[in-house]
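Structural features, examined
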Amino acid sequence: GWLLFGILFAWQMPHFMAISWTYREEYRKAGFKMLSHEADGASKVARKSMFYSILLGALAISPVYHDYGVRLSGTPYLCIASILSLGLFFSALRFMQAEDKTSSARSLFFVTIIHLPLLLAALVIDRYL
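The notes below deal with the structure included here. As the structure is a computational prediction, the values presented were derived from the model and not from experiment.

Comments concerning the environment of M13
- Mapping M13 onto the fold places it in helix α1 (residues 2-22).
- Taking the relative accessible area as the measure of exposure, M13 reaches 18% and is therefore buried.
- It is 9.5 Å that separates the C-alpha atoms of M13 and M50, two residues lying 37 residues apart in sequence.

Regarding the packing of helix α4 (residues 75-97) against helix α5 (residues 101-127)
- Between α4 and α5, the least distance of the axes is 9 Å, while the angle of their chain directions is 170 degrees. Considering the angle they form, α4 stands roughly antiparallel to α5.
- Residues that form the contact of α4 with α5 fall into these classes: 16 nonpolar, eight polar and three charged.

Considerations on the pattern of salt bridges
- For the coordinates displayed, the defined rule picks out one salt bridge.
- Among the ionic pairs, E25 bridges to R28, the shortest N-O distance being 3.5 Å. Note that E25 and R28 are positioned in helix α2 (residues 24-30) at a spacing of three residues, about one turn of the helix.

Description of the packing of aromatic side chains
- This structure, assessed with the given rule, holds eight aromatic pairs.
- Aromatic side chains F9 and Y52 sit 6.1 Å apart centroid to centroid with 75 degrees between the ring planes, which places their arrangement in the edge-to-face category. Residue F9 is located in helix α1, and its partner Y52 is located in helix α3 (residues 41-65); the two are separated by 43 residues in the primary sequence.
- A relative accessible area of 33% means that F9 is categorised as partly exposed.

Examining the side chain of H115
- Structurally, the position occupied by H115 is in helix α5.
- When its relative accessible area of 2% is taken as the criterion, H115 is described as buried.
- Ignoring any residue separated from it by four or fewer positions in sequence, one finds H115 in contact with W11, L56, L84, S85 and L88.

Topic: the packing of α1 against α5
- Across the interface, α1 lies against α5 with an axial gap of 7 Å and an inter-helix angle of 160 degrees. Compared by their axis directions, α1 and α5 come out roughly antiparallel. Helix-helix and strand crossings are classified by hand; for α1 and α5 the assignment is left-handed.
- Residue composition of the contact of α1 with α5, grouped by class: 16 nonpolar, five polar and two charged.

Re α4
- Given a rise of 1.5 Å per residue, 23 residues ought to cover 33 Å, and the 32 Å separating the end C-alpha atoms of α4 matches this to within 8%.
- Residues of α4 that are buried: Y77, A81, L84, S85, L88, S91, A92 and F95.

Parameters and conventions
- Residues numbered from 1 in each chain as written.
- Predicted model: local features only at pLDDT ≥ 70, side-chain atom pairs only at ≥ 80, totals over all residues.
- Heavy atoms only, no water.
- Helix = DSSP H or I, 4+ residues; strand = E, 2+ residues; numbered from the N terminus.
- Buried < 20%, exposed > 50% of the residue type's maximum accessible area, 1.4 Å probe, protein only.
- Axes fitted to C-alpha atoms, helices over the stretch in contact; angles between N-to-C directions.
- Parallel < 35°, antiparallel > 145°, perpendicular 65-115°, else oblique.
- Nonpolar A, V, L, I, M, F, W, Y, C, P; charged D, E, K, R; others polar.
- Salt bridge = Lys/Arg side-chain N within 4 Å of Asp/Glu carboxyl O.
- Phe/Tyr/Trp six-rings, centres within 6.5 Å; stacked < 30°, edge-to-face > 60°.
- Contact = heavy atoms within 4.5 Å.
- Left-handed = near helix turned anticlockwise from the far one by under 90°.
- Expected span 1.5 Å × (residues − 1).

Nothing here speaks to function; it is geometry throughout.
In structure tokens, the structure reads:
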């Protein structure tokens, strides 16, 4: 349970950071205080996205190494989780390095939308292989 909580917690951060950068002006108009509004907000949001993408990658592959006498996942899941995590990592890296943060933030947002359901589906399907 804690492992799934960690995955969902780490996933929401790059997902929300991408949203917060993309819609920063709308949040400002609505009166919300956001990290993206601070001085050097672009790099702060991008660094947080990168940090949580790396954390999510570590958490995503950990069911393979998690051992309480119960097989949580195997090699097929490890392959899928690694590919998905690398995709998320490179999308966060692109967001961090991009001059035009808005288009790379949108890309990161869509990668996060694809990442989570595929990762969880792989975890479930791997149990039956």
